[in-house]
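# Understanding the architecture of this molecule
Here's the letter readout for the chains.
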Amino acid sequence: MTVLPIIIAPDPRLKLKARPVDRVDTRIVTLMQDMLETMYLAPGIGLAAPQVGVLERVIVVDVAEKTAPPQPYRMANPELLWVSEELSVCNEGCLSLPEFYADVPRPSRCRVRYRDEADAVQELEAEGLLATCIQHEMDHLEGQLFVDHISSLKRGIILRKLQKLKKSKAYA
Ligand code: NI
């Protein structure tokens, strides 16, 4: 297993649309495992492949409580089959925007279809933090960050601060 460097915003690589995975083969399974290790170490509850410089439609998520056993999801080509009309607001963060948070409204429940680590098609109905996290990670596959859901004023402030931090701290 390998811990991968996480790309910090603002970065043009985080604005690109990821391409679908043909098949979940050993390369993709290894990528999923490395992404989980990277996410747990950070620590975070979700990570999308574009955040580690891989422009493919792969995300990993684990929203289990710290004291509970891990409950990782490895998803290739996730697609939303359904989202609830009801929204919920979550104070979101992102490993690509370290230490910045903002309230983002999203559908409170969703149904997602994906390919798992065995290349089997799965469907999952999610709610609460899991639903939020899956939608957040899927946004990354479209080149979208959580700050794209807030006002351009707030977004500008956060991105300028990150730009300064990157210069001073030698982030990747
Ligand atoms: Ni994120």
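Heads up: these notes are all about the structure in this document. The model shown is predicted, which means the values in this text are computed figures rather than measured ones.

## Re the overall build of the protein
Along the protein, the regular secondary structure elements total three helices and seven strands. Helices (α) and strands (β) of the protein occur, in sequence order from the N terminus, as α-β-β-β-β-β-β-β-α-α. Projected onto its principal axes, the C-alpha coordinates of the protein cover approximately 45 × 40 × 35 Å. With 172 residues in all, the protein has 44% of them scored as buried. A separation threshold of at least 6 residues defines the contact pool for the protein, and within that pool the share at least 24 residues apart is 65%. A total accessible area of about 9200 Å² is found for the protein, and carbon and sulfur atoms account for 54% of it. Each charge sign in the protein was given a centre, from 22 positive and 24 negative side chains, and these centres are 9 Å apart.

## Considering the environment of M75
Positionally, M75 belongs in strand 3 (residues 73-83). Residue classification places M75 among the buried positions, given a relative accessible area of 0%. Setting aside anything within four residues of it in sequence, one finds M75 in contact with M32, R57, V58, I59, V112, Y114, R115, L124 and I134.

## Some words on the nonpolar core
Of all hydrophobic cores here, the largest spans 17 residues; its most connected members are M75, L124 and I134. Those elements that provide at least two residues to this core are strand 2 (58-61), strand 3, strand 6 (109-115), strand 7 (121-127) and helix 2 (128-141). Sort the elements by how many residues they give to this core and helix 2 lands first, with six residues. Residues within four places of I134 in sequence aside, it is in contact with I59, V61, M75, V112, L124 and A126.

## Focus: the coordination of the nickel ion
Only C94 (SG), H136 (NE2) and H140 (NE2) from the protein coordinate the nickel ion, and they sit 2.1 to 2.3 Å from it. Along the chain, the residues donating to the nickel ion are arranged with the sequence spacing C-x41-H-x3-H. On the criterion of sequence distance, the pair formed by C94 in the loop between strand 4 (87-92) and strand 5 (102-107) and H136 in helix 2 is long-range, its members being 42 residues apart. Pair check on accessibility: C94 and H136 agree, each one buried.

## Let's talk about the pattern of salt bridges
Pairing between side chains becomes possible if they bear opposite charge and their charged atoms approach one another. For the coordinates displayed, the defined rule picks out 12 salt bridges. When the shortest N-O distance is used, the salt bridge between K17 and E142 registers 3.1 Å. Taken together, the residues K17 in the segment before helix 1 (26-41) and E142 in the loop between helix 2 and helix 3 (152-169) connect sequence positions 125 residues apart. A cluster of three or more residues bridged by salt bridges with shared partners is formed by R109, R111, R113, E123 and E125.

## What to know about helix 2
In a regular helix each residue adds 1.5 Å, so 14 residues correspond to 20 Å; helix 2 covers 21 Å between its end C-alpha atoms and thus fits that length. Extensive coverage of helix 2 is indicated by the burial of 12 of its 14 residues. Residues L130, A131, T132, C133, I134, Q135, H136, E137, M138, D139, H140 and L141 constitute the buried set of helix 2. At the exit of helix 2 stands G143, carrying a positive phi of roughly 75°.

## Regarding the side chain of E137
Mapping E137 onto the fold places it in helix 2. Of the buried charged residues, E137 lacks a salt bridge, with R106 as the closest side chain of opposite charge at 8.3 Å. Within polar-contact distance, the side chain of E137 engages the backbone nitrogen of L47 at 3.5 Å. Residue contacts for E137: discarding those within four places in its chain leaves G46, L47, A48, Q51, I59, V60 and V61.

Conventions we followed
Residues numbered from 1 in each chain as written. Predicted model: local features only at pLDDT ≥ 70, side-chain atom pairs only at ≥ 80, totals over all residues. Heavy atoms only, no water. Helix = DSSP H or I, 4+ residues; strand = E, 2+ residues; numbered from the N terminus. Buried < 20%, exposed > 50% of the residue type's maximum accessible area, 1.4 Å probe, protein only. Contact = heavy atoms within 4.5 Å. Areas by Shrake-Rupley, 256 points an atom, 1.4 Å probe, with all protein chains shown as cover. Lys, Arg positive; Asp, Glu negative; His and termini not counted. Charge placed at Lys NZ, Arg CZ, Asp CG, Glu CD. Core = buried A, V, L, I, M, F, W, Y, C linked by side-chain atoms within 4.5 Å. Donors = N, O, S within 2.8 Å, 3.2 Å for Na, K, Ca; no water. Salt bridge = Lys/Arg side-chain N within 4 Å of Asp/Glu carboxyl O. Expected span 1.5 Å × (residues − 1). Polar contact = N/O pair within 3.5 Å; in protein donor to acceptor, adjacent residues only side chain to side chain.

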